[in-house]
Amino acid sequence: MSEWQQRRDLLLNPKGVGNVLAYTLMSELPELGELNRKEIAALVGVAPINRASVSFQGKRYIRGGRHCVRTILFVSIRPAIQHHPKLKPMYKCWQI
């Protein structure tokens, strides 16, 4: 079995991860598996960046990163939030 097949099988293992998400992660994030979760989150552009200094206090926001990966993650997480028994209550707790 090739390395690509092993990566695909590993990504497709969790319930709810389909071919589009798995192949997007494989093609757009070759660093996956080499970097830690904080570095990957910053690379994708989902890590909140605190905009603060001594004279300015701002809100946290996300920006930059790999737009294609972030879009596919957003589209794939929506049904999971609605139907997954563990994600649904977590999402409701995070809503303001």
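This report concerns the structure included in the present document. (Residues numbered from 1 in each chain as written. Predicted model: local features only at pLDDT ≥ 70, side-chain atom pairs only at ≥ 80, totals over all residues. Heavy atoms only, no water.)

## What about the pattern of salt bridges?
Tallied over the entire structure, the rule returns three salt bridges. Salt-bridge contacts for Asp9 lead to Arg8; the nearest nitrogen and oxygen are separated by 3.2 Å. Put simply, Glu31 and Arg66 hold a salt bridge, and the shortest N to O gap is 3.0 Å. Here Glu31 is found in the loop between helix H2 (19-28) and helix H3 (37-44), whereas its partner Arg66 is found in the loop between strand E2 (57-61) and helix H4 (67-83), with 35 residues between them in sequence. A residue is classified by how much of its surface remains accessible, and Glu31, at 21% relative accessible area, is partly exposed. (Salt bridge = Lys/Arg side-chain N within 4 Å of Asp/Glu carboxyl O. Helix = DSSP H or I, 4+ residues; strand = E, 2+ residues; numbered from the N terminus. Buried < 20%, exposed > 50% of the residue type's maximum accessible area, 1.4 Å probe, protein only.)

## A short note on the environment of Ala80
Among the secondary structure elements, Ala80 is positioned in helix H4. What makes Ala80 partly exposed here is its relative accessible area of 23%. Along the primary structure Ala80 and Gly16 are separated by 64 residues, whereas in three dimensions their C-alpha atoms are 7.0 Å apart.

That is the geometry; function is a separate question.
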